[in-house]
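Coordinate analysis (summary)
Single-letter residue listing:
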Amino acid sequence: QVQLGESGGGLVQAGGSLRLVCTASRRTYLINTMAWFRQAPGKEREFVASIPWSGSMTDYADSVKGRFTISRDNAKNTVYLQMNSLKPEDTAVYYCAAGSLSRATMTRQYPYWGQGTQVTVSS
């Protein structure tokens with residue numbers, strides 16, 4: 001079993017920054033892509049960003065392009081999400097996910113999930 005753990009969430013004012021961290025307990029051949037999703041109150045879980053373990057073809061949701069940056073450290077089995085210029089609409093529980101498909105953007109395409117970390121942006 002692959003376990004994912006997220007950290008780095010918190011409460012910040014609009015315009016502030018946070019860096020989320022996701023660490024996998026182990027990496028297997030079944031995991032080729034790491035991603036971040038988020039779920040705001042009253043909304044479905046939505047794709048935020050993804051990055052492969054090999055290569056640099058990152059993907060971002062239109063709502064976060066230019067503000068969020070996903071990166072990785074393969075030696076540490078760790079993925080990061082740097083969030084800048086945060087807006088109140090970014091408030092959500094952020095989840096780390098891992099899967100085998102390249103550039104996947106749907107929740108059902110990721111079999112491994114973390115428990116989530118709360119990000120709250122105040123005005």
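Look up: the structure comes first, before these words.
A brief look at the structure comes next.

Thresholds applied
- Residues numbered from 1 in each chain as written.
- Predicted model: local features only at pLDDT ≥ 70, side-chain atom pairs only at ≥ 80, totals over all residues.
- Heavy atoms only, no water.
- Helix = DSSP H or I, 4+ residues; strand = E, 2+ residues; numbered from the N terminus.
- Buried < 20%, exposed > 50% of the residue type's maximum accessible area, 1.4 Å probe, protein only.
- Polar contact = N/O pair within 3.5 Å; in protein donor to acceptor, adjacent residues only side chain to side chain.
- Contact = heavy atoms within 4.5 Å.
- Phe/Tyr/Trp six-rings, centres within 6.5 Å; stacked < 30°, edge-to-face > 60°.
- Lys NZ or Arg CZ within 6 Å of the ring centre and 35° of its normal.
- Core = buried A, V, L, I, M, F, W, Y, C linked by side-chain atoms within 4.5 Å.

**Re the environment of Thr-28**
Mapped onto the elements, Thr-28 comes out in the loop between β3 (18-24) and β4 (33-39). Once the C-alpha coordinates of Thr-28 and Pro-111 are considered, the two residues, 83 residues apart in sequence, prove to be 13 Å apart.

**Some points on the side chain of Asp-90**
Within the element layout of this structure, Asp-90 appears in the loop between β8 (78-83) and β9 (92-99). Judged by relative accessible area, Asp-90 falls into the buried class, the value being 1%. Side-chain polar atoms of Asp-90 contact the side chain of Arg-38, separated by 2.9 Å. Excluding anything up to four places from it in sequence, Asp-90 contacts Arg-38, Arg-67, Phe-68, Ser-85, Val-119 and Val-121.

**Some points on the packing of aromatic side chains**
Throughout the structure, instances matching the rule amount to five aromatic pairs. On the basis of an interplanar angle of 80° and a centroid distance of 5.7 Å, the ring pair of Phe-37 and Phe-47 is categorised as edge-to-face. You can see Phe-37 sitting in strand β4 and its partner Phe-47 sitting in strand β5 (residues 46-52), a full ten residues away along the chain. Taking relative accessible area as the criterion, Phe-47 reaches 12% and is therefore assigned buried. Their ring planes at 70° and their centres at 6.4 Å tell us that Tyr-110 and Trp-113 sit as a pair that is edge-to-face. Using a relative accessible area of 24% as the deciding quantity, one classes Trp-113 as partly exposed. Pairwise contacts between aromatic rings join Phe-37, Phe-47, Tyr-95, Tyr-110 and Trp-113 into one cluster. Seen from the ring of Tyr-95, Arg-45 lies directly overhead, with NZ or CZ sitting 3.7 Å from the centre. Geometry around Trp-113 places Arg-45 over its ring, the cationic atom sitting 5.1 Å from the centre.

**Notes on the environment of Tyr-110**
Note on placement: Tyr-110 falls in the loop between β9 and β10 (112-113). Ignoring sequence-local partners within four residues, the contact set of Tyr-110 consists of Thr-33, Ala-35, Phe-37, Ser-50, Ala-97, Ala-98, Gly-99, Ala-104 and Thr-105.

**Topic: unusual backbone geometry**
For Ser-85, which is not glycine, the phi dihedral falls at a positive 50°. The topology assignment puts Ser-85 in the loop between β8 and β9. Take Ser-85: its relative accessible area is 39%, and that puts it in the partly exposed class. Residue Arg-103 is not a glycine yet carries a positive backbone phi of 55°. Along the chain, the position of Arg-103 falls in the loop between β9 and β10.

**Regarding the nonpolar core**
In terms of nonpolar packing, the biggest core is built from 36 residues, with Leu-4, Met-34, Trp-36, Leu-81, Met-83 and Tyr-94 touching the most fellow members. If you list the elements that add at least two residues to this core, you get β3, β4, β5, β7 (68-73), β8, β9 and β11 (117-122). At five residues, β9 tops the list of elements feeding residues into this core. Excluding residues that lie within four positions of it along the chain, Met-34 makes contacts with Leu-4, Cys-22, Ala-49, Ser-50, Ile-51, Trp-53, Ile-70, Val-79, Cys-96, Ala-97 and Ala-98.

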